[in-house]
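Chain residues, written in single-letter form:
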Amino acid sequence: MSWIVLIASGVLEAVWATALGRSAGFTRLWPTVVFGVALVASMGGLAFALRTIPVGTGYAVWVGIGASLTVLYGMTLGGEGFSLVRTLLVLGIVACVIGLKLTH
(Lines give C-alpha, C1' and ligand atoms only; values in the text may rest on other atoms or scores of the structure.)
Protein backbone atom coordinates (compact mmCIF):
# COMPACT_ATOMS: atom_id res chain seq x y z
CA MET A 1 0.00 0.00 0.00
CA SER A 2 2.85 2.40 0.79
CA TRP A 3 4.27 2.06 -2.72
CA ILE A 4 0.91 2.85 -4.32
CA VAL A 5 0.56 5.94 -2.13
CA LEU A 6 4.15 6.94 -2.92
CA ILE A 7 3.54 6.68 -6.67
CA ALA A 8 0.32 8.69 -6.38
CA SER A 9 2.19 11.29 -4.34
CA GLY A 10 4.86 11.50 -7.04
CA VAL A 11 2.16 12.13 -9.63
CA LEU A 12 0.74 14.86 -7.40
CA GLU A 13 4.21 16.39 -7.17
CA ALA A 14 4.10 16.86 -10.94
CA VAL A 15 0.63 18.40 -10.59
CA TRP A 16 1.71 20.96 -8.02
CA ALA A 17 4.93 21.77 -9.86
CA THR A 18 3.00 22.39 -13.06
CA ALA A 19 0.34 24.41 -11.23
CA LEU A 20 3.07 26.48 -9.59
CA GLY A 21 4.40 27.43 -13.00
CA ARG A 22 0.91 28.30 -14.24
CA SER A 23 0.04 30.35 -11.14
CA ALA A 24 2.16 33.31 -12.35
CA GLY A 25 3.61 33.92 -8.91
CA PHE A 26 0.35 33.05 -7.13
CA THR A 27 -1.53 35.78 -9.01
CA ARG A 28 -3.92 33.36 -10.81
CA LEU A 29 -6.56 31.85 -8.52
CA TRP A 30 -7.25 28.35 -9.88
CA PRO A 31 -3.67 27.29 -10.56
CA THR A 32 -2.82 28.54 -7.06
CA VAL A 33 -5.67 26.49 -5.56
CA VAL A 34 -4.59 23.39 -7.50
CA PHE A 35 -1.01 23.99 -6.33
CA GLY A 36 -2.03 24.16 -2.67
CA VAL A 37 -4.30 21.12 -2.72
CA ALA A 38 -1.85 18.98 -4.71
CA LEU A 39 1.07 20.07 -2.50
CA VAL A 40 -0.69 19.11 0.73
CA ALA A 41 -1.89 15.79 -0.71
CA SER A 42 1.53 15.00 -2.18
CA MET A 43 3.39 15.75 1.05
CA GLY A 44 0.81 13.86 3.10
CA GLY A 45 1.16 10.83 0.88
CA LEU A 46 4.94 11.02 1.05
CA ALA A 47 4.80 11.20 4.83
CA PHE A 48 2.47 8.17 4.92
CA ALA A 49 4.69 6.15 2.60
CA LEU A 50 7.86 6.98 4.53
CA ARG A 51 6.47 5.17 7.56
CA THR A 52 7.42 1.87 5.89
CA ILE A 53 9.74 2.84 3.02
CA PRO A 54 13.27 4.09 3.86
CA VAL A 55 13.47 7.87 3.53
CA GLY A 56 16.26 7.87 0.93
CA THR A 57 14.47 5.42 -1.32
CA GLY A 58 11.05 7.01 -0.86
CA TYR A 59 12.24 10.53 -1.46
CA ALA A 60 14.23 9.57 -4.55
CA VAL A 61 11.25 7.72 -6.02
CA TRP A 62 8.87 10.60 -5.20
CA VAL A 63 11.15 13.19 -6.79
CA GLY A 64 11.96 10.96 -9.75
CA ILE A 65 8.30 10.40 -10.59
CA GLY A 66 7.43 14.07 -10.14
CA ALA A 67 10.39 15.35 -12.12
CA SER A 68 9.88 12.89 -14.97
CA LEU A 69 6.19 13.68 -15.34
CA THR A 70 6.82 17.41 -15.10
CA VAL A 71 9.42 17.27 -17.88
CA LEU A 72 7.15 15.10 -20.03
CA TYR A 73 4.28 17.54 -19.51
CA GLY A 74 6.52 20.43 -20.45
CA MET A 75 7.69 18.71 -23.62
CA THR A 76 4.22 17.62 -24.74
CA LEU A 77 1.87 20.41 -23.62
CA GLY A 78 3.94 23.10 -21.95
CA GLY A 79 5.78 24.49 -24.94
CA GLU A 80 9.21 23.19 -23.94
CA GLY A 81 11.35 21.75 -26.67
CA PHE A 82 11.29 18.04 -27.39
CA SER A 83 14.52 16.23 -28.06
CA LEU A 84 15.71 12.65 -28.16
CA VAL A 85 18.40 13.41 -25.58
CA ARG A 86 15.88 14.84 -23.09
CA THR A 87 13.61 11.86 -23.62
CA LEU A 88 16.47 9.41 -23.03
CA LEU A 89 17.51 11.24 -19.88
CA VAL A 90 13.95 11.12 -18.51
CA LEU A 91 13.84 7.41 -19.31
CA GLY A 92 17.05 7.09 -17.30
CA ILE A 93 15.31 8.64 -14.30
CA VAL A 94 12.38 6.26 -14.75
CA ALA A 95 14.78 3.31 -14.93
CA CYS A 96 16.42 4.43 -11.69
CA VAL A 97 13.03 4.72 -9.96
CA ILE A 98 12.15 1.20 -11.09
CA GLY A 99 15.55 -0.02 -9.91
CA LEU A 100 15.03 1.49 -6.47
CA LYS A 101 11.66 -0.25 -6.20
CA LEU A 102 13.14 -3.58 -7.28
CA THR A 103 15.97 -3.38 -4.76
CA HIS A 104 13.72 -2.45 -1.83
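In case you missed it, the structure is sitting above this.
Source: prediction; values computed, not measured.

Quick look at the pattern of salt bridges now. As enumerated under the stated definition, the model contains one salt bridge in all. A salt bridge links R86 to E80, with the nearest nitrogen and oxygen atoms 2.9 Å apart. The partly exposed category is assigned to R86, whose relative accessible area is 29%.

Once that is clear, we can look at the nonpolar core. In terms of nonpolar packing, the biggest core is built from 13 residues, with W3, L6, W16, I53, V61 and W62 touching the most fellow members. Looking at this core, the elements with two or more residues in it are α1 (2-22), α2 (29-49) and α3 (55-76). Aside from chain neighbours lying at most four places away, what touches W16 is F35, A38, L39, S42 and W62.

Here α1 contains 21 residues, and its C-alpha end-to-end distance of 30 Å stays within 8% of the 30 Å for a straight helix at 1.5 Å per residue. Every buried residue belonging to α1 is among S2, W3, L6, S9, G10, E13, A14, W16, T18 and A19, and all of these are buried. Packed against the buried residues of α1 are α2, α3 and α4 (84-103).

Each value, and the rule that gives it
Residues numbered from 1 in each chain as written. Predicted model: local features only at pLDDT ≥ 70, side-chain atom pairs only at ≥ 80, totals over all residues. Heavy atoms only, no water. Salt bridge = Lys/Arg side-chain N within 4 Å of Asp/Glu carboxyl O. Buried < 20%, exposed > 50% of the residue type's maximum accessible area, 1.4 Å probe, protein only. Core = buried A, V, L, I, M, F, W, Y, C linked by side-chain atoms within 4.5 Å. Helix = DSSP H or I, 4+ residues; strand = E, 2+ residues; numbered from the N terminus. Contact = heavy atoms within 4.5 Å. Expected span 1.5 Å × (residues − 1).

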